Amino acid sequence: MDTVDTMRAFLAVAQEGSFTAAGKRLGFSTRLVSKYVAQLESRLSTQLFNRTTRSVSLTDVGVAYLKRCQPIVDQIDELDDLVQERQSALSGPIRITAPTGFGSNNLTQVLAPFMRAHPNVDIELKLSDSRVALVEEGFDLAVRVGMLRDSTLIAKKLADMPLIVCASPDYLTARGRPGDPMALATHKCLIDENPVNATAWRFRTDARDFVVKVAGAFHANAPAAIANMAIAGLGIARCPHYAVASCLESGSLEQLFAEYETENFGLYALYPPNRHLTARVRALIDYMARHFRSY
């Protein structure tokens, strides 16, 4: 049995927390993954996982082995990539995590032509509006929209992403159009909880920065949900441009305070600093940077 295969099976189970999920990721049966891990444990004469009918968790030895195992597999992948680069053909898997709305629409518009150009690259896209631990869950890359928090991850900025304050024509007819940002304090606002200070909306004009405290009955952790509630006339929204661009074009939402600058979110590609950046991942990051540069 190939030792590297058993190590890959171990890594997949550790990252997925399940033999079945690890098998789906690797394209193996659950029985084969279990067999690989059992053979690795037998060769090492130790137990790497605690197994119950409901869960799989690493033993203390398993945690220590995971830290040493990952760099070894990464180095093997690096050797493979060197050969692939010389053959000028990209191949292999890329695991990506991204926000649900942006990932479903904007990101897939980039991934589709990239995959057509590189048919031997397999992409697994996991969409989540919650923060995902890249290293622990085995992701190669995260695409994120927002202001970066303190992190050990390496970040490459792909584009600026302005925040747009907007409301539906029905809301503005019923409640009146606010004359300036300070008037937001008297309006119903829709709160995107992703920013750190979600109810403190920042503006800038004539080189002066100021903050308006807003409030409202609807909170969500996804810009698409905020935009949909704004279209329904339930309040004033502040969303990244990508989430409302088509609505502004169709007229279902109207931009407010265009003469004021708002906070400028960024679109970023993030990856672990201790993970070898494969040729295929580097190529995808460069491809995304070229595409999103016009945002």
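Everything below is about the structure shown above.
Attention here is on the structure that accompanies the text. (Residues numbered from 1 in each chain as written. Predicted model: local features only at pLDDT ≥ 70, side-chain atom pairs only at ≥ 80, totals over all residues. Heavy atoms only, no water.)

1. Considering the overall build of the protein chain
For clarity, the threshold we go by: For helices the rule is a DSSP run of H or I covering at least 4 residues; for strands it is a run of E covering at least 2, with both sets numbered from the N terminus onward. Here's how the labels work: a residue is buried when its accessible area is under 20% of the maximum for its type, exposed when over 50%, partly exposed in between, all with a 1.4 Å probe on protein chains only. Whether two residues touch is decided by their heavy atoms; if any such pair falls within 4.5 Å, the residues are in contact. We get accessible surface area from the Shrake-Rupley algorithm with a probe of 1.4 Å; when it comes to residues, only the shown protein chains can shield them. For the charge count, each Lys or Arg is scored as positive and each Asp or Glu as negative, with His and the chain ends excluded. For this purpose, a charge sits on NZ of Lys, CZ of Arg, CG of Asp or CD of Glu.
In terms of helices and strands, the protein chain carries ten helices and 14 strands. Principal axes of the C-alpha set define a box for the protein chain whose edges measure 70 × 45 × 30 Å. Here the protein chain holds 295 residues, and the buried ones make up 43% of them. Contacts in the protein chain between residues at least 24 apart in sequence constitute 74% of all its contacts with a sequence separation of at least 6. When the accessible area of the protein chain is evaluated, it comes to approximately 15200 Å², of which 49% is carbon and sulfur surface. Each charge class in the protein chain can be summarised by its mean position, and for the 32 positive and 31 negative side chains these summaries are 3 Å apart.

2. Let's talk about the pattern of salt bridges
The cut-off we apply is this: A side-chain nitrogen of Lys or Arg and a carboxyl oxygen of Asp or Glu constitute a salt bridge if their distance falls within 4 Å.
The tally for this structure, following the rule as stated, stands at nine salt bridges. Lysine 157 is the partner of aspartate 160 in a salt bridge, and the nearest nitrogen-oxygen pair spans 2.6 Å. For aspartate 160, a relative accessible area of 38% corresponds to the partly exposed category. The exposure class of lysine 157 is partly exposed, given its relative accessible area of 43%. One salt bridge in this structure joins glutamate 254 and arginine 177, with 2.3 Å as the shortest N-O distance.

3. Details of the sheet that holds strand β13 (residues 261-262)
Note the following rule: Here the rule is simple: two strands pair whenever DSSP picks up at least two bridges between them.
Spatial strand order, β9-β8-β13: three strands in an open sheet with antiparallel pairing. Two strands close off the open sheet at either side, each with one partner strand: β9 (208-213) and β13. Where strand β8 (residues 200-205) and β13 come together, two bridges link them in antiparallel fashion. Each residue of the ladder has a partner; that of phenylalanine 203, found in β13, is threonine 262.

4. A few points about empty space enclosed by the protein
Note the threshold: In this analysis the probe radius is 1.4 Å and the grid spacing 1 Å, with only protein atoms considered; a cavity is a set of points the probe fits into but cannot get out of, a pocket is an open set with protein on both sides within 12 Å along at least five of seven lines, and lining residues have an atom within 4 Å of a point. Grid points are joined across faces, edges and corners, and a volume is the space filled by probe spheres set on the points. The classification used treats Ala, Val, Leu, Ile, Met, Phe, Trp, Tyr, Cys and Pro as nonpolar, Asp, Glu, Lys and Arg as charged, and all other residues, Gly among them, as polar.
Evaluated as defined, the whole model comprises one cavity of 30 Å³ or more. Taken together, Leu190, Ile191, Asp192, Ala198, Trp201 and Arg238 make up the lining of the largest cavity. Looking at which element gives the most residues to the lining of the largest cavity, the answer is strand β7 (residues 189-192), with three residues. Of the residues belonging to the lining of the largest cavity, the class tally is four nonpolar, no polar and two charged.

5. Section: unusual backbone geometry
At serine 45, a residue that is not glycine, the phi angle is positive and equals roughly 55 degrees. Note on placement: serine 45 falls in the loop between α3 (30-44) and β1 (49-51).

6. Comments concerning the environment of leucine 253
Mapping leucine 253 onto the fold places it in the loop between α9 (241-250) and β12 (254-255). The class for leucine 253 is buried, based on a relative accessible area of 1%. Spatially, the C-alpha atoms of leucine 253 and lysine 35 are 56 Å apart, while their sequence positions differ by 218 residues. The contacts of leucine 253, once residues within four sequence positions are left out, are Cys166, Ala167, Ser168, Ala227, Ala230, Ile231, Val244, Cys247 and Leu248.

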